[in-house]
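These are the residues of each chain, in order.
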Amino acid sequence: PQSRGEGTGNLPVAREGYRIELADGSIHSSDAVIVAAASYHAANLLGDLDRELASLLGEIEYASSALVVTGHRLADVAHPLNAFGLVVPQRERRKILAVSFSSRKFPDRAPDGSVLLRTFVGGALQPELFNLSDTELVSLVLAELADIFGVCGEPELARVYRYPRAMPQYHVGHLDRVARIEALAARHPGLALAGNAYRGVGVPDVIQYAESAAGRLLDIGCH
Ligand SMILES: Cc1cc2nc3c(=O)[nH]c(=O)nc-3n(C[C@H](O)[C@H](O)[C@H](O)COP(=O)(O)OP(=O)(O)OC[C@H]3O[C@@H](n4cnc5c(N)ncnc54)[C@H](O)[C@@H]3O)c2cc1C
């Protein structure tokens, strides 16, 4: 999606640094750039600068997942929900990947006497489920929640959020590819990469990787 400040897919390097062209037509110069978009977007942005780097970035596969958020009266849930959630192994042959008990993890996510659940559907192993309609996704999730936790009755709320190509897949060989990507990126002074495509998908890993990218650029004098 086009958003304010979004790069236009072109990141040419100038002798004195990088020229960044934004979607609003403005052009900015910088001696350092951290490309923190998904690796397939980074591939587009960096194609003119380094074709080999862009090609490797484009090789990282992504999966899509849908998130179905439902609110329920505790009286409608047989299970005590005395945990933070669950991850479903493939051998269970269910149509959901995981459930996060949001209101058990964080305060103020649901009124007293209710619970907020986030259920993940799709992913790399069941990509076809990502394309179901909102109504189909909600009913699939309610059926699974009824079976696993004894959730009954109508939910107090039900919303569907979709995350297309949001989860990079760390296949065998991923770390070797990332090492090659990092080595190629390091050939361009002032260029660094960040994001979940490289060395960790969880938010803490993404933050740590971004901080070390920023630290490297500061160390080599890019201020
Ligand atoms: C459904 C779901 C649930 C998750 N739940 C958890 C969780 O509970 N705990 C946890 O630790 N992790 C969770 N994760 C993983 C974690 O949230 C992500 O891995 C992490 O947020 C990704 O951060 P990022 O900065 O790499 O990508 P993003 O947050 O997607 O940021 C990339 C940014 O790049 C921008 N962009 C793209 N192209 C351009 C361009 N041309 N110019 C400028 N900007 C551009 C995009 O607009 C976007 O804002 C979840 C992921 C998903 C999909």
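Everything discussed here concerns the structure shown above.
A brief structural summary.

Quick notes on the packing of helix H2 (residues 51-58) against helix H5 (residues 174-186)
When two helices pack together, you describe them by how their axes are tilted relative to each other and by the distance separating the axes. The interhelical angle for the contact between H2 and H5, taken along N-to-C directions, is 150 degrees, at an axis separation of 10 Å. The orientation of H2 relative to H5 falls into the category roughly antiparallel. Of the two possible hands of crossing, H2 and H5 adopt the one that is left-handed. Contacts between H2 and H5 involve Glu52, Leu53, Leu56 and Leu57 from the first element and Arg177, Arg180, Ile181, Leu184 and Ala185 from the second. Class assignment of the residues belonging to the contact of H2 with H5 gives a composition of six nonpolar, no polar and three charged.

Considering unusual backbone geometry
Notably, Leu81 is not glycine yet its phi reads approximately 50 degrees, a positive angle. Checked against the element boundaries, Leu81 lands in the loop between strand S5 (62-73) and strand S6 (85-87). The phi torsion at Arg165 lies on the positive side, around 45 degrees, for a residue other than glycine. Tracing the backbone through its elements, the reader meets Arg165 in strand S9 (residues 157-168). Using a relative accessible area of 41% as the deciding quantity, one classes Arg165 as partly exposed.

Description of the packing of aromatic side chains
If you walk through the whole model with that rule in mind, you get three aromatic pairs. Where Tyr40 meets Tyr62, the ring centres are 4.7 Å apart and the plane angle is 90 degrees; that geometry is what we call edge-to-face. Of this pair, Tyr40 sits in helix H1 (residues 39-46) while Tyr62 sits in strand S5, and the two are 22 residues apart along the sequence. Judged by its relative accessible area of 17%, Tyr40 is buried.

As for the environment of Gly47
With respect to the helices and strands, the residue Gly47 is situated in the loop between H1 and H2. Classification of Gly47 by relative accessible area gives buried; the value is 18%. For the pair Gly47 and Leu57, spaced ten residues apart in sequence, the C-alpha separation works out to 9.8 Å.

Here we look at H2
For H2, every residue scored as buried is listed here: Leu53, Ala54, Leu56 and Leu57. In an axial view of H2, the angular spread of the buried residues amounts to 165 degrees, which keeps them on one side of the axis. For H2, the N-terminal cap is Asp50; the gap from its side-chain oxygen to the backbone nitrogen of Glu52 is 3.2 Å.

Describing the environment of Arg109
Its location among the elements puts Arg109 in the loop between helix H3 (102-105) and strand S8 (114-122). Residues Arg109 and Gly71, 38 residues apart in the sequence, show an inter-C-alpha distance of 9.6 Å. Look past the residues within four positions of Arg109 in its chain and what remains in contact with it is Ser102, Ser103 and Leu116.

Focus: the nonpolar core
The biggest cluster of nonpolar side chains holds 24 residues, and the ones touching the most others in it are Leu57, Leu193 and Tyr198. Those elements that place two or more of their residues in this core are strand S4 (33-35), H1, H2, H5 and strand S10 (191-193). Element by element, the count of residues in this core is highest for H1, at five residues. When near neighbours in sequence (up to four residues on either side) are disregarded, Tyr198 contacts Ser39, Ala42, Leu57, Ile60, Tyr170, His174, Val178, Ile181, Leu193 and Tyr209. Of all hydrophobic cores here, the second largest spans 21 residues; its members include Val68, Leu81, Leu129 and Leu137.

Points about the packing of H1 against H2
In the contact formed by H1 and H2, the axes pass within 8 Å of each other and the chain directions differ by 160 degrees. Regarding the angle of H1 to H2, the classification is roughly antiparallel. At the point where H1 passes H2, the crossing takes the left-handed sense. Contacts between H1 and H2 involve Ser39, Tyr40, Ala42, Ala43 and Leu46 on the former and, on the latter, Leu53, Ala54, Leu57 and Gly58.

Rules used throughout
- Residues numbered from 1 in each chain as written.
- Predicted model: local features only at pLDDT ≥ 70, side-chain atom pairs only at ≥ 80, totals over all residues.
- Heavy atoms only, no water.
- Axes fitted to C-alpha atoms, helices over the stretch in contact; angles between N-to-C directions.
- Helix = DSSP H or I, 4+ residues; strand = E, 2+ residues; numbered from the N terminus.
- Parallel < 35°, antiparallel > 145°, perpendicular 65-115°, else oblique.
- Left-handed = near helix turned anticlockwise from the far one by under 90°.
- Contact = heavy atoms within 4.5 Å.
- Nonpolar A, V, L, I, M, F, W, Y, C, P; charged D, E, K, R; others polar.
- Buried < 20%, exposed > 50% of the residue type's maximum accessible area, 1.4 Å probe, protein only.
- Phe/Tyr/Trp six-rings, centres within 6.5 Å; stacked < 30°, edge-to-face > 60°.
- Arc of directions from axis to C-beta.
- Polar contact = N/O pair within 3.5 Å; in protein donor to acceptor, adjacent residues only side chain to side chain.
- Core = buried A, V, L, I, M, F, W, Y, C linked by side-chain atoms within 4.5 Å.

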